[in-house]
Amino acid sequence: AAAILTIMSALNRRAGRTVTAIVGLSFAVSTHAFQPSGCLTPASRLLHWRPARSGPAAGVRVPRVAGAGRPQFSLRPITPPMALKMSSSAKTVDWIKELASDHPKNNVSPYIANLVGRDLHLRKDHPLGIIKEKIETYFKSRDATFECKDSLYPIVTATQCFDDLLIPPDHVSRRPSDTYYLDDTRLLRTHTSAHQTELLKGGSTKFLCTGDVYRRDEIDASHYPAFHQMEGVKLLDECTDMEDREKWVQMCSDDLKSHLEGMIDAVFGPVEKKWVDAYFPFTEPSFELEIFYNDKWLEVLGCGVVQQPILDGCGMTTQHGWAFGLGLERLAMVLFDIPDIRLFWTDDKRFTSQFKEGTITKFAPYSKFPPCYKDIAFWLPEDWQENNFAELVRNTCGDIVESVELIDKFDNPKKGKTSHCYRINYRAMDRSLTNEEVDKLQESVRTKSTDELKCELR
């Protein structure tokens, strides 16, 4: 890994430091972890990863173009993080330096590094902190022995993030078009479940784990490469040494549903609920919980009985329990009526002053600046991955881009090529953009699309 000292001041001068959080769910359980990535769209997807919309094959991802969107840094040694190293706070870690590396597998850009350590979930007057506190208070009221972990180190190993949770070696979630790698083995956690086995091995048997997680994704009002998840795990004492699998599975399932139905009522108030059978590799059986809220059904989390091989790997061969996961942004957008995830990251007092610890307050929009649409069309290169284009746009334009939408697709059988046309919506949250600055950004996107992604402009 490597050090960069001069980039800090440049990043701090960047305009539009407002960042957005992509909606996700925890434990890789839920409508975002155990399931979907879209904040308000219940499209099921394992571990937050959605198959690519186009390319050689659905869900196939390829390594990023060497050097694309990432400066070359000089090497410096980085001490491998302890399994449960605490404090992801920017006050104690210089994340720009910590994440810098000239390793060929490193695809963490300075833009992403600048999001790490913001700890929005630890701000008590922030919507994410308010929801986190409500959930933690509920679980502690049910059982005072529940531990609350919220400052674990965000750099984990592939073993922690994937292998320990029975994620197959060839699963799409491991590929660099969806995951931020520092090197061959280390990465920014893609879900808080990455800490599950280490916490269990450390002796924790009832815990909530909350933190920021990262993954490459599309650009729209409900997706961003940094978001927040909460995972919950409980091993039942009464199921220890129980050999009747059918019995302990039923006991764990009943206890799980009781806890989660109570949690939903504590956060949303009494609402109609329904359980849906699901599939996740780390739980069996698995479920999704939906609630009827604001006149529609909404998926809020995923959960299930922990797969026994996971517990066996932690030396807990005679114990049984459950796990769940949810996305804080997803719940906050619904409860606080927040329309754009970028707002969670703003320091604009017109936003932050609206919220108070312990109180659910509906967001009052304070401005709506006009959008500026620009289209770009090109022939796709071999091994095309849409996430790579989204990442290029983010690294070039930052938070000024509200969305990137595929508006046209054309296959030319004579040339054996496919053309995509994307519409980029430039809209800042704090000011009106000038045509001159948008044109400059658009031209930079066009240039980098050819130079870094090898696209052929049309």
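Residues numbered from 1 in each chain as written. Predicted model: local features only at pLDDT ≥ 70, side-chain atom pairs only at ≥ 80, totals over all residues. Heavy atoms only, no water.

A. Molecular detail of unusual backbone geometry. Residues Glu284 and Pro285 are joined by a peptide bond in cis, for which omega reads 0°. Located in the positive-phi region is Asn294, a residue other than glycine, with phi close to 55°. By the secondary structure assignment, Asn294 is in the loop between β9 (283–293) and β10 (296–306). Positive phi values are uncommon outside glycine, yet Asp337 reaches one of about 55°. Inspection of the secondary structure puts Asp337 in the loop between α9 (328–335) and α10 (349–352). Residue class for Asp337 comes out partly exposed when judged on its relative accessible area of 41%. (Helix = DSSP H or I, 4+ residues; strand = E, 2+ residues; numbered from the N terminus. Buried < 20%, exposed > 50% of the residue type's maximum accessible area, 1.4 Å probe, protein only.)

B. How the structure looks around the side chain of Arg189. Tracing the backbone through its elements, the reader meets Arg189 in the loop between β5 (186–188) and α6 (196–201). Here His195 takes part through its side chain, which lies 2.8 Å from a polar atom of the side chain of Arg189. Aside from chain neighbours lying at most four places away, what touches Arg189 is Leu152, Tyr153, Pro154, Val156, Ala194, His195, Gly211, Asp212, Val213 and Tyr214. (Polar contact = N/O pair within 3.5 Å; in protein donor to acceptor, adjacent residues only side chain to side chain. Contact = heavy atoms within 4.5 Å.)

C. Seen up close, the packing of helix α4 (residues 127–142) against α9. Interaxial distance between α4 and α9 falls to 9 Å at its minimum, and their mutual angle equals 105°. Between α4 and α9, the interaxial angle falls into the category roughly perpendicular. Contact with α4, carried on its side by Pro127, Leu128, Ile131, Lys132 and Ile135, involves Leu328, Glu329, Leu331, Ala332 and Leu335 of α9 and no other residues of that element. (Axes fitted to C-alpha atoms, helices over the stretch in contact; angles between N-to-C directions. Parallel < 35°, antiparallel > 145°, perpendicular 65-115°, else oblique.)

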